[in-house]
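# Notes for the structure review
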Amino acid sequence: MKKVMVGNHAVAWGVRLARVEVISAYPITPQTQVVEKLSEMCADGTLPARFIKVESEHSAMAAVIGASATGVRTFTASSSHGLLYMHEMLHWAGGARLPIVMVDVNRAVGAPWNIWTDQNDSLSQRDTGWVQLYCEHNQEVVDTTVMAFKLAEALDVPVMLMLDGFYLSHTAEPVDIPDQEMVDRFLPKREAPYRLDTEHPHAFGGLVKPDAYMEMRWLQQEALNHVPETLAAIEKDWQRMFGRSYGAIEAYRAQDAELLLVTSGTVTSTARAVVDARRAQGEKIGVLKVKMFRPFPSALLRDALRGVPRVAVLDRNVSPGHGGIFAEELRSALYDLPDAERPELFGFVLGLGGRDITPAVIDDVIAQTRAGQVPSREDLWVGVNP
């Protein structure tokens, strides 16, 4: 069945298809449509889930943590300062290895106040033990929402799914909604290996002393290390059943490219159009989309970028005092390549607070990348009017 829907409603349809049992959330722009749609589904019975209304985002995450510990499938959504307010509980969910799925509709962080998109809200949560997946379009949103539950429950890790505020959350696109019976075969009911159960009582959340704490962190790290291969297997199943897959990274017209644009989120679609136009003129340019940020797909990126002369990273985010965050992580991933195979990497900061990244902006990025022998600085800002 095909429907035209905005990105926020694509999330809700994914949650419905996954047969989530407990939802808790607090509204915040531009995420509110996600939980509004889910509350309607719960009210009309099309999604027989428990919807818990709370007074804050901190409580929303606390509620799904408690519910997930009982073995049920759980979901929440947030954005910007709401996500930051959850920060403490994100660590609790990650450390407790609870397979919660959450959507963050990317929105800039104040001060100053801004309701439009950039990735600083989610990227500032990168060390909380959550998988992070960034989506480009609404079909990818609904598909990834369902796959996120399978990934989370396969490894007992929480998964955070991102879509750009307004550019995707409020943009209507045609979406092929997967058949419910097929989704049920793909994603059976959750069977938690450990859960709160009055018939079989166990203790959870107790004090862990120094002789065991590091081992628990090591097990968490090992689980996250298995995400790339597990996601690849899940996507292979999804491809077989529904005819679509995305990958942790995706190369577009990258073969023989002398310059690759590294992107994430909706800017990828704009970059594809620019590359198509440039290829028509005989220019060897391609795109490398990074969907998975945590765990960072270092090995895949080293293979994809090995020997490419120049790489331009388009970061819709900034780590103040350093530079673009994807570029920062990519430099680390490429460090071990031999000098002759390591690309010259140009890191661009652009599109913050919802500023448009148009084809003309990407043309400017390409021109700057070609003009310099080496980057003049690690953070090259585009479109700033000091």
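Residues numbered from 1 in each chain as written. Predicted model: local features only at pLDDT ≥ 70, side-chain atom pairs only at ≥ 80, totals over all residues. Heavy atoms only, no water.

### A word on helix H11 (residues 267–280)
Over its 14 residues, H11 runs 20 Å from end to end, which matches the ideal 20 Å to within 8%, given 1.5 Å per residue. All buried positions along H11 are accounted for by Val-267, Thr-268, Ala-271, Arg-272, Val-274, Val-275, Arg-278 and Arg-279. Against the buried residues of H11 lie strand E7 (159–164), strand E9 (249–252), strand E10 (259–263), strand E11 (285–290), strand E13 (310–315) and helix H14 (359–371). Just downstream of H11 lies Gly-282, where phi reads positive at about 90°. (Helix = DSSP H or I, 4+ residues; strand = E, 2+ residues; numbered from the N terminus. Expected span 1.5 Å × (residues − 1). Buried < 20%, exposed > 50% of the residue type's maximum accessible area, 1.4 Å probe, protein only. Contact = heavy atoms within 4.5 Å.)

### Observations regarding the sheet that holds E11
One open sheet holds the six strands; their spatial order is E9-E11-E10-E13-E14-E15, and the pairing between them is mixed. Both edges of this open sheet fall to E9 and strand E15 (380–381), since each of them pairs with a single strand only. Pairing of E10 with E11 involves five bridges; the strand directions are parallel. The residue bridging Thr-263 from the neighbouring strand is Lys-289, located in E11. Against the sheet, H11 engages E9, E10, E11 and E13, with an angle of about 165° to E11. (Pairing = 2+ DSSP bridges. Axes fitted to C-alpha atoms, helices over the stretch in contact; angles between N-to-C directions.)

### Things to note about the sheet that holds strand E3 (residues 50–53)
Taken in spatial order, the seven strands of this open sheet run E3-E2-E4-E5-E7-E6-E12, and their pairing is mixed. Two strands close off the open sheet at either side, each with one partner strand: E3 and strand E12 (292–294). Between one strand axis and the next, the sheet turns by 20° as a mean value, whatever way the strands run. Against the sheet, helix H3 (residues 57–69) engages strand E2 (22–25), E3, strand E4 (74–78) and strand E5 (101–106), with an angle of about 165° to E4.

### Here we look at the packing of aromatic side chains
One pass over the structure, following the stated rule, counts five aromatic pairs. Ring geometry for Tyr-134 against Phe-326: centres 5.9 Å apart, planes inclined by 75°, an arrangement best described as edge-to-face. Pair noted here: Tyr-134 is in strand E6 (residues 131–134) and Phe-326 is in helix H13 (residues 325–334), with a separation of 192 residues, a long-range link. Ring centres 4.9 Å apart and planes at 75° place the aromatic pair Phe-186 and Trp-238 in the edge-to-face group. Here Trp-238 lies in helix H10 (residues 227–242) and Phe-186 lies in helix H8 (residues 180–186), a separation of 52 residues in the sequence. Comparing Phe-186 with Trp-238, the two get one shared label, buried. A network of ring pairs unites the aromatic residues Tyr-134, Phe-293, Phe-296 and Phe-326 as a single cluster. In this arrangement the basic side chain of Arg-272 is found over the ring face of Tyr-252, its NZ or CZ atom lying 5.0 Å from the centre. (Phe/Tyr/Trp six-rings, centres within 6.5 Å; stacked < 30°, edge-to-face > 60°. Lys NZ or Arg CZ within 6 Å of the ring centre and 35° of its normal.)

### Some thoughts on the environment of Asn-106
Looking at the element boundaries, Asn-106 is found in strand E5. In the structure, Asn-106 is positioned 154 residues away from Leu-260 in sequence and 25 Å away in space, judged by C-alpha atoms. Those residues in contact with Asn-106 that lie beyond four places of it in its chain are Ser-79, Thr-117, Asp-118, Gln-119, Asp-121, Ser-122, Tyr-134, Met-162, Leu-163, Asp-164 and Gly-165. Polar contacts involving the side chain of Asn-106 include one to the side chain of Asp-121, which spans 2.8 Å. (Polar contact = N/O pair within 3.5 Å; in protein donor to acceptor, adjacent residues only side chain to side chain.)

### Thoughts on the packing of helix H1 (residues 7–17) against helix H2 (residues 32–44)
Put simply, H1 and H2 touch, their axes get as near as 8 Å, and they point 40° apart. Judged by the inter-axis angle, H1 sits oblique to H2. As H1 runs across H2, the sense of the crossing is right-handed. For the pair H1 and H2, contact is made by Asn-8, His-9, Val-11, Ala-12, Trp-13, Val-15 and Arg-16 and by Gln-33, Val-34, Lys-37, Leu-38 and Met-41, respectively. Per-class residue counts for the contact of H1 with H2 are seven nonpolar, three polar and two charged. (Parallel < 35°, antiparallel > 145°, perpendicular 65-115°, else oblique. Left-handed = near helix turned anticlockwise from the far one by under 90°. Nonpolar A, V, L, I, M, F, W, Y, C, P; charged D, E, K, R; others polar.)

### What about the pattern of salt bridges?
Summed over the entire model, instances satisfying the criterion amount to 27 salt bridges. Residue Asp-184 is joined to Arg-19 by a salt bridge in which the shortest nitrogen-to-oxygen separation is 2.9 Å. One end of the pair, Asp-184, is in helix H8; the other, Arg-19, is in the loop between H1 and E2, and 165 residues separate them in sequence. Overall, the relative accessible area of 27% leaves Asp-184 in the partly exposed class. By relative accessible area, which is 44% here, Arg-19 ends up partly exposed. Each of Glu-136, Glu-140, Glu-250, Arg-272, Lys-289 and Lys-291 takes part in salt bridges that share partners, so that together they form one network. (Salt bridge = Lys/Arg side-chain N within 4 Å of Asp/Glu carboxyl O.)

### Regarding the nonpolar core
Counting 56 residues, the largest nonpolar core has Ile-23, Leu-38 and Phe-75 as its most contacted members. Broken down by element, the residue count for this core peaks at nine residues, all from helix H7 (residues 138–155). Not counting residues up to four positions away in its chain, the partners in contact with Leu-38 are Ala-12, Val-15, Ile-23, Leu-47, Phe-51 and Phe-75. Grouped together as the second largest cluster of nonpolar side chains are 40 residues, Leu-98, Val-308, Val-313 and Phe-326 included. (Core = buried A, V, L, I, M, F, W, Y, C linked by side-chain atoms within 4.5 Å.)

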